[in-house]
Amino acid sequence: MKKPYYITTPIYYPSSNLHIGHCYCSVAADSIARFKKLQGYDVYFLTGTDEHGQKIERKAEEAGTTPKEYVDKIVAATKDLWKLMDVNYDGFIRTTDDYHVKAVQKIFKELYDRGDIYKGEYKGWYCTPCESFFTETQLKDGKCPDCGREVELTSEECYFFRLSKYQDRLTEYIEAHPEFIQPAFRAKEMINNFLKPGLEDLCVSRTSIKWGIPVDFDPDHVVYVWLDALTNYITKLGYTTENHELFDKFWPADVHMVAKDIMRFHAIIWPAMLMALDLPLPKHLAVHGWITFNGQKMSKSLGNVVDPFVLGKRYGADAIRYHILREMALGADSSFSNEIMINRINSDLANGFGNLVSRTVAMVEKYFGGTLPTEREGGEFDDDLIATATALKSSVDDFIDKTQLNNALAEIFKVVSRANKYIDETAPWVIAKDETKKARLATVLYNLLETIRITATLLSAFMPTTMPKALEQIGACEKCATYENADKFGVLPLDVTVKKGEALFPRIDVEKEIEELNAIIKNNEKVDEKTAKLKEEIEGVAQIGIDDFCKVDLRVAEIKACEPIKKAKKLLKLTIYDGVKERTVASGIAKFYTPDDLIGRKIILVSNLKPAKLCGVESCGMILAATCGEEIKVIFVDDMEPGSKIS
Ligand code: MSP
């Protein structure tokens, strides 16, 4: 039977502005999941969306919609991004899913019944963007210690979780299990910054917000969003339900991938909750740093986002996946720059791996018409190449188990470089000149094909679209390109046939590309500015009551005649039929419409506007039009009856 392996990402706040920083965790978890599948594990990879809480409630309010409608609309954007990035999850949880809501209510009740949740009153500070509570002393210069933003004073009746009770057990656990939090310095951070100073009980319900899971035995309260969110890792597996096969099989998780800003929740609150429920703790928390831009955490609000949809469509998911995984050392931040990314794509993927494949395949075609002869003759440099290539699998395995994906990739690319060097050392084009050395030439090319097979097999977890194409080009069948064969040499048939294909990673013109990307970024900034101006305009308009609106009588009317007004260049004189009678209206649209454009069209008329004289014309009403940039566009309603009331 296959061994189970369970890996998770955090569940993301639904957003249509996910950036390249958000991609790291999912792409890393996806690569590990794929690698473990390759190794023969029965893998479950879970991701999803965290849909409750004050932050969403406020955003929905701003958008003038209900929170559920709001999240329903944008959750697709998260899924679209994972599709684009080839993130192939086995489970996707939404915390608004019915089974999750019920399970959270049961867990809350269970903790209450066990005495680990009790009722009290909370007085303190709340950071809405982080959905976190803080005491006065935890604030940094009066602001949120995590994100530096404003906090709000909160005072309300709430339920508390007895976090303090677990302080000693947690400290002992973290100290006794150095593998629990990776990298190790993060475990020290948890102990020194949080556990040693002492844990306070945690407020786990709110009465001042409505958008959350109601506490079923006290419905004025909704469950604190982090308690709700953290349980996703077990509710999706059927914990608390009759269908708990997945839970029995996959819990405890092998790895929770999380970024450093949410480590505290995963290293302290979540394990304490699991202890309170008498459940085993996850085996590893792999805590990664941030992708930064000019030294700051990448975020939409900083206006420095590099859009993964733009990058993914330009270079392909594999190149982006490779770059972000290769750049970030677990634990440290990694600074993102388009230039570094493009140079890396060129050096490692186009010149390194891509070139190795295309040169090798081209030589097999040129010297042997695409199929190698079966005679072999060993020579200098072979042993070193073979030893390096066959040792690769075990070091990649190690690095994957330590979630050090940058090192796993570095190891693979060392072998790619070794193979490119082998081409220079053996100089097949020189051997080809000597008719008596056909067997030697075939051996050199075969060794290269074998090295490509091994590296492409191991890379297929990281670059799932391109590697199957590479394997196809070197003539490796599915059975050859398995994990089992990735530390063996001599797997491809001796008379293997290659198949030339497209360049796997086309070289990018760095200067031209940077110019184009900068233009896109500038344009985005312009769009942002425009939206900000619009927002100011819309929000600056005084509100009116429905009574005020009802005073305006809007009617469909038909333009029967139209002529310019001699004394006023901007005005047109319109004769309009309002369903009862004809009337005259002067309208400032002469620059945009000729009489022919208008006669016979139906428009919206403000019919009860007091008549006014405009350049000698008595204007009885006004027609509705929109200002679109420099243009004015009349609103036409041609399929409506004159006289129809608009309300
Ligand atoms: N909803 C919570 C997680 C709940 S898990 C029970 C949350 N969501 S998030 O959408 O804000 O972030 C999702 C993940 O992306 C988090 O691990 C977060 O730290 C990570 N990142 C957000 N910006 C990032 C970078 N710039 N770089 C790397 N990871 C980043 O937190």
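Refer to the preceding data block for the structure.
Presented here is an overview of the structure given in this document. The structure displayed is predicted, hence computed values, not measured ones.

Quick notes on the pairing of strand β1 (residues 4-8)
Stage number 1. Within β1, 4 of the 5 residues are buried, which leaves the element mostly enclosed by the surrounding structure.
Stage number 2. Two strands pair when backbone bridges link them, and β1 and strand β2 (residues 42-49) are joined in this way by 5 bridges, in the parallel orientation. By the bridge assignment for β2, Y6 is matched with Y44.
Stage number 3. With respect to chirality, the unit in which β1 leads through helix α1 (residues 20-38) into the neighbouring parallel β2 is right-handed.

Overview of the sheet that holds β2
Stage number 1. Taken together, 6 strands build an open sheet; the order of strands is β3-β2-β1-β11-β12-β7 and the sheet is parallel. A single partner strand is all that each edge strand has here, and the edge strands are β3 (91-94) and β7 (181-182).
Stage number 2. Bridge count for strand β11 (residues 255-259) against strand β12 (residues 284-288) is 5 bridges, and the pairing is parallel. Bridging from a neighbouring strand, A259 pairs with H288 of β12.

Notes on the packing of aromatic side chains
Stage number 1. Under the counting rule described, the total for this entry stands at 25 aromatic pairs.
Stage number 2. Ring centres of Y173 and F180 lie 5.3 Å apart, and the angle between their planes is 90°; this geometry places the pair in the edge-to-face category.
Stage number 3. Looking at Y173, the relative accessible area reads 22%, which means it is partly exposed.
Stage number 4. Ring geometry for W226 versus F265: centroids 3.8 Å apart, planes at 5°, classification stacked. Of this pair, W226 sits in helix α7 (residues 225-230) while F265 sits in helix α10 (residues 263-276), and the two are 39 residues apart along the sequence.

Details of the site of the ligand
Stage number 1. In the vicinity of the ligand lie 23 residues, with I11, D50, A259, D261 and I291 positioned nearest.
Stage number 2. At a separation of 2.8 Å, a nitrogen atom of the ligand approaches a polar backbone atom of I291.
Stage number 3. Coverage of the ligand by the protein chains reaches 95% of its 660 Å² of free accessible surface.
Stage number 4. Taken together, the elements giving at least two residues each to the shell around the ligand come down to α1, α7 and α8 (232-235).
Stage number 5. Tallied by class, residues from the shell around the ligand come to 13 nonpolar, 7 polar and 3 charged.

A closer look at helix α6 (residues 184-195)
Stage number 1. An ideal rise of 1.5 Å per residue puts 16 Å on 12 residues; α6 measures up with 16 Å between its terminal C-alpha atoms.
Stage number 2. Regarding α6, the residues found buried are R186, A187, M190, I191 and L195. Take α6 and look down its axis: the buried residues cluster within an arc of 140°, on one side only.
Stage number 3. Buried-residue contacts for α6 involve α5 (167-176), β7, α10 and β12.

Some words on the nonpolar core
Stage number 1. The biggest cluster of nonpolar side chains holds 101 residues, and the ones touching the most others in it are Y315, F336, F353 and F462.
Stage number 2. For this core, the leading source of residues is helix α13 (residues 338-368), giving 13 residues.
Stage number 3. Of all hydrophobic cores here, the second largest spans 67 residues; its members include I93, M190, F250 and L274.

Regarding the sheet that holds strand β14 (residues 296-297)
Stage number 1. The strand order across the open sheet built from 3 strands is β14-β13-β15, with neighbouring strands paired in mixed fashion. Both outer strands of the open sheet, β14 and β15 (334-335), are each paired with one neighbouring strand and no more.
Stage number 2. As paired strands, strand β13 (residues 291-293) and β15 are joined by 2 bridges and run parallel to one another. Of the residues in β15, the one forming a bridge with T292 is S335.

So, the environment of E502
Stage number 1. Note on placement: E502 falls in the loop between α18 (466-473) and α19 (510-540).
Stage number 2. Through-space distance from the C-alpha of E502 to that of Y322 is 19 Å; in sequence the pair is 180 residues apart.

Considering the pattern of salt bridges
Stage number 1. Counted according to the given criterion, the structure contains 44 salt bridges.
Stage number 2. Residue K260 is joined to D333 by a salt bridge in which the shortest nitrogen-to-oxygen separation is 3.0 Å. Here D333 lies in the loop between α12 (317-327) and β15 and K260 lies in the loop between β11 and α10, a separation of 73 residues in the sequence.
Stage number 3. We classify K260 as partly exposed; its relative accessible area is 22%.
Stage number 4. The class for D333 is partly exposed, based on a relative accessible area of 36%.
Stage number 5. Where salt bridges share partners, they join E51, K68, D72 and R94 into one cluster.

With respect to a negative patch on the surface
Stage number 1. Side chains of E339, D509, E511 and E515 sit close together on the surface and give a patch of like negative charge.
Stage number 2. By relative accessible area, E511 is classed as exposed at 68%.

Quick word on a nonpolar patch on the surface
Stage number 1. A contiguous nonpolar patch, built from I544, I546 and F549 and spanning about 320 Å² of accessible area, is present on the exposed surface.
Stage number 2. Checked against the element boundaries, I544 lands in the loop between α19 and α20 (546-550).

Scoring rules and cut-offs
Sequence order sets the numbering: in each chain, residues are counted from 1 along the sequence as written. Reporting of local features is limited, given that this is a predicted model, to residues whose pLDDT is at least 70; pairs of side-chain atoms are given and counted only at 80 or more, and all residues count toward the totals for whole chains, interfaces and linings. Excluding hydrogens and water, the side-chain values take into account all heavy atoms of the structure. Relative accessibility under 20% of the residue-type maximum defines a buried residue, over 50% an exposed one, and the middle range a partly exposed one, all with a 1.4 Å probe and only protein chains included. Helix and strand labels come from DSSP, where a helix needs a run of H or I of at least four residues and a strand needs a run of E of at least two; each type is numbered from the N terminus. Strands pair, by our definition, only if DSSP identifies at least two bridges between them. A crossover gets the label right-handed when its path from the first strand over the helix to the second runs clockwise, viewed with the strands pointing away from the viewer. Think of it this way: a Phe, Tyr or Trp ring, Trp meaning its six-membered ring, pairs with another when their centres are within 6.5 Å, and the plane angle makes it stacked under 30 degrees, edge-to-face over 60, tilted otherwise. Here a residue is near a molecule or strand as soon as one of its heavy atoms is found within 4 Å of it. By the criterion applied in these results, polar contacts are pairs of N or O atoms within 3.5 Å in which, for protein atoms, one can donate a hydrogen and the other can accept it, and in which residues neighboring in sequence qualify only through two side-chain atoms. Accessible areas in this description were obtained via Shrake-Rupley with a 1.4 Å probe; residue shielding takes into account the shown protein chains only. Any residue that is not Ala, Val, Leu, Ile, Met, Phe, Trp, Tyr, Cys, Pro, Asp, Glu, Lys or Arg is counted as polar, Gly included; the first ten are nonpolar and the last four charged. One less than the residue count of a helix, multiplied by 1.5 Å, gives the span that helix is expected to have. The arc in question is formed by the directions pointing from the helix axis toward the C-beta atoms. Only heavy atoms matter for contacts: two residues are in contact if any of them lie within 4.5 Å across the pair. Put simply, buried Ala, Val, Leu, Ile, Met, Phe, Trp, Tyr and Cys residues joined by side-chain atoms within 4.5 Å make one nonpolar core. Take a side-chain nitrogen of Lys or Arg and a carboxyl oxygen of Asp or Glu: if they are within 4 Å of each other, that pair is a salt bridge. Patch rule: a residue counts if its relative accessible area is over 30% and it has no salt bridge; like charges are joined within 9 Å, and nonpolar side chains (Val, Leu, Ile, Met, Phe, Trp, Tyr) within 5 Å. When charges are tallied, Lys and Arg are placed among the positive residues and Asp and Glu among the negative ones, while His and the ends of the chain are skipped. All charge positions are set by atom: Lys at NZ, Arg at CZ, Asp at CG, Glu at CD.

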